[in-house]
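Chain by chain, the residues:
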Amino acid sequence: MDTTFSLFNQINSLSYWLLLESNYKSSVTLDAESDTYVVAIKKGAAYLYTHSISSFSKKNKRYLQFELSAIVNHYYI
């Protein structure tokens, strides 16, 4: 769980940085009702990147870490 929490912190920090320091807008949404986690980055009205993890609470821990790592790695590209 420590790795997962660390990845959440990285995603939130990167999203916050984008909002403050760039022309890009980002949003991170964890929706308990639909059990989804969504990250989106857009510039103006155009979405540049979106990633959604459905059945979030039911994901295998290792697979969830893989998906969160992919989101973090995509931010740095």
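Quick note: structure is the one above.
Definitions and limits used
Each chain has its residues counted from 1, running along the sequence as written. Local features are withheld for residues below a pLDDT of 70 in this predicted model, meaning they are given only at 70 or higher, and side-chain atom pairs are given and counted only at 80 or more; totals for whole chains, interfaces and linings count all residues. Only heavy atoms go into the side-chain values, all of them from the structure, while hydrogens and water stay out. As used in this record, nonpolar core signifies buried Ala, Val, Leu, Ile, Met, Phe, Trp, Tyr and Cys residues forming a set joined through side-chain atoms within 4.5 Å. Per-residue accessibility, obtained with a 1.4 Å probe over protein chains only, is compared with the maximum for each type, and a residue is labelled buried under 20%, exposed over 50%, and partly exposed between these values. Note on conventions: DSSP H or I runs of at least 4 residues are helices, E runs of at least 2 residues are strands, and numbering of each starts at the N terminus. Here a residue-residue contact requires only that any non-hydrogen atoms of the pair lie within 4.5 Å. In this analysis, strands are considered paired if DSSP registers two or more bridges between them.

Draft legend 1. Geometry of the nonpolar core. Grouped together as the largest cluster of nonpolar side chains are 16 residues, with contacts concentrated most on Ile11, Tyr37, Val39, Ile53, Leu68, Ile71 and Tyr75. Sorting the residues of this core by element identifies helix 1 (2-21), strand 2 (36-43), strand 3 (46-53) and helix 2 (61-75) as the ones contributing at least two each. Other than its neighbours up to four places away in sequence, Tyr75 contacts Ile11, Leu14, Ser15, Leu18, Ser26, Val28, Val39 and Ile41.

Draft legend 2. Fine view of the pairing of strand 2. With eight bridges connecting them, strand 1 (residues 24-31) and strand 2 associate as antiparallel partners. By the bridge assignment, Ser27 is partnered in strand 2 with Ala40. In sequence, strand 2 turns back onto strand 3 through a hairpin of two residues, with Gly44 there showing a positive phi of about 65°.

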